[in-house]
Amino acid sequence: RREKGDPEVNDLWQWVAVLEGQLRRLQKAFSQYKKEVNVLRQRVGILEGQLQRLQNAFSQYKRAVLFPDGRSVGEKIFKTAGSKKTFQDAQQICTQAGGQLPSPRSAAENEALTQLATAQNKSAFLSMTDIRKEGTFIYPTGEALVYSNWAPQEPNNDGGSENCVEIFPNGKWNDKLCGEQRLSSREV
Ligand code: GMH
Ligand code: CA
């Protein structure tokens with residue numbers, strides 16, 4: 001049996017006061033946290049709107065700039081100036097312009113480049129050659145092909161010296177003499 005003023009009860013009262021203080025601080029911190037979350041939500045909404053407008057403006061810009069001599073596919077852009085060059089000249093022009101000869105690595109990329117060749121009604125040089133090892137076409141990096149779209153019976157190394165690749169206006173590939181003049185285009 002405990003008396004009034006029992007020290008153990010007094011301790012409990014004190015402990016309750018401490019807990020009440022902690023609870024108030026937690027409630028305040030939580031309501032502040034909720035306010036911050038709302039502010040952040042609002043800012044994210046604003047940024048999403050700005051991003052959407054930028055994306056729209058960029059896709060409009062691409063449409064304007066890429067017509068009629070450029071095509072955008074994934075993160076790659078193909079562009080042609082319309083002139084015909086030997087492989088060596090085409091390669092040099094591309095490099096100087098801050099790009100490289102086209103290396104279509106998928107059906108989608110091949111289709112985008114085909115549209116340029118079709119529009120110009122010219123065959124275009126690709127980047128790949130089998131100069132290093134006859135019959136083994138590689139990218140300028142030395143990497144083996146990850147995609148190809150050879151025409152039937154190609155590559156045939158006709159005459160024994162076809163080390164470059166042209167893409168026909170129908171999208172099919174043919175190995176061709178590097179000294180021939182073909183549509184010069186580039187990818188960036
Ligand atoms: C040979 C034949 C043609 C083929 C050409 C072409 C040249 O002339 O096999 O059918 O179109 O070669 O491969 O690059
Ligand atoms: Ca050929």
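About the criteria used
Residues numbered from 1 in each chain as written. Chains lettered and ligands numbered in written order. Predicted model: local features only at pLDDT ≥ 70, side-chain atom pairs only at ≥ 80, totals over all residues. Heavy atoms only, no water. Donors = N, O, S within 2.8 Å, 3.2 Å for Na, K, Ca; no water. Buried < 20%, exposed > 50% of the residue type's maximum accessible area, 1.4 Å probe, protein only. Near = heavy atom within 4 Å. Polar contact = N/O pair within 3.5 Å; in protein donor to acceptor, adjacent residues only side chain to side chain. Areas by Shrake-Rupley, 256 points an atom, 1.4 Å probe, with all protein chains shown as cover. Nonpolar A, V, L, I, M, F, W, Y, C, P; charged D, E, K, R; others polar. Helix = DSSP H or I, 4+ residues; strand = E, 2+ residues; numbered from the N terminus. Expected span 1.5 Å × (residues − 1). Contact = heavy atoms within 4.5 Å. pLDDT = per-residue confidence, 0-100.

### Let's talk about the coordination of the calcium ion (ligand 2)
Point 1. Within the protein, the calcium ion (ligand 2) binds to E154 (OE), N156 (OD1), E162 (OE), N174 (OD1), D175 (O) and D175 (OD); these donor distances fall in the range 2.2 to 2.6 Å.
Point 2. For the calcium ion (ligand 2), the single-chain donor residues occur in sequence as E-x1-N-x5-E-x11-N-D.
Point 3. Residue N156 is classed as partly exposed on the basis of its relative accessible area, which comes to 38%.

### Thoughts on the site of ligand 1
Point 1. Taken together, E154, N156, D158, E162, N174, D175 and K176 make up the full set of residues adjacent to ligand 1.
Point 2. Interatomic distance of 2.5 Å between a side-chain N/O atom of E154 and an oxygen atom of ligand 1.
Point 3. Contact distances for ligand 1 include 2.4 Å between an oxygen atom and a side-chain N or O atom of E162.
Point 4. Coverage of ligand 1 by the protein amounts to 50% of the 340 Å² it exposes when considered alone.
Point 5. Counted by class, the shell around ligand 1 contains no nonpolar, two polar and five charged residues.

### Here we look at helix α3 (residues 107–120)
Point 1. In a regular helix each residue adds 1.5 Å, so 14 residues correspond to 20 Å; α3 covers 20 Å between its end C-alpha atoms and thus fits that length.
Point 2. Within the span of α3, buried status applies to E109, N110, A112, L113, T114, L116 and A117.
Point 3. In this structure, the buried residues of α3 make contact with β1 (70–73), β2 (76–85), β4 (164–167), β5 (173–176) and β6 (182–187).
Point 4. Looking one or two residues past α3, N121 carries a phi angle of roughly 50 degrees, positive in sign.

### Examining the confidence of the model for the chain
Detailed conclusions should not be drawn from predicted coordinates in areas where pLDDT is low.
Point 1. With 98% of its residues at a pLDDT of 70 or more, the chain shows a mean pLDDT of 97.
Point 2. With a pTM of 0.84, the predicted complex shows an ipTM of 0.97.

### Focus on unusual backbone geometry
Point 1. Of the consecutive residues F67 and P68, the connecting peptide bond is found in the cis state with omega at 5 degrees.
Point 2. Within the secondary structure, P68 is located in the loop between α1 (7–66) and β1.
Point 3. E154 connects to P155 through a cis peptide bond whose omega is 0 degrees.
Point 4. Its place among the elements puts P155 in the loop between β3 (124–125) and β4.
Point 5. Located in the positive-phi region is Q153, a residue other than glycine, with phi close to 75 degrees.
Point 6. Assignment of secondary structure puts Q153 in the loop between β3 and β4.
Point 7. Not every positive phi belongs to a glycine, and N157 is a case in point at roughly 45 degrees.

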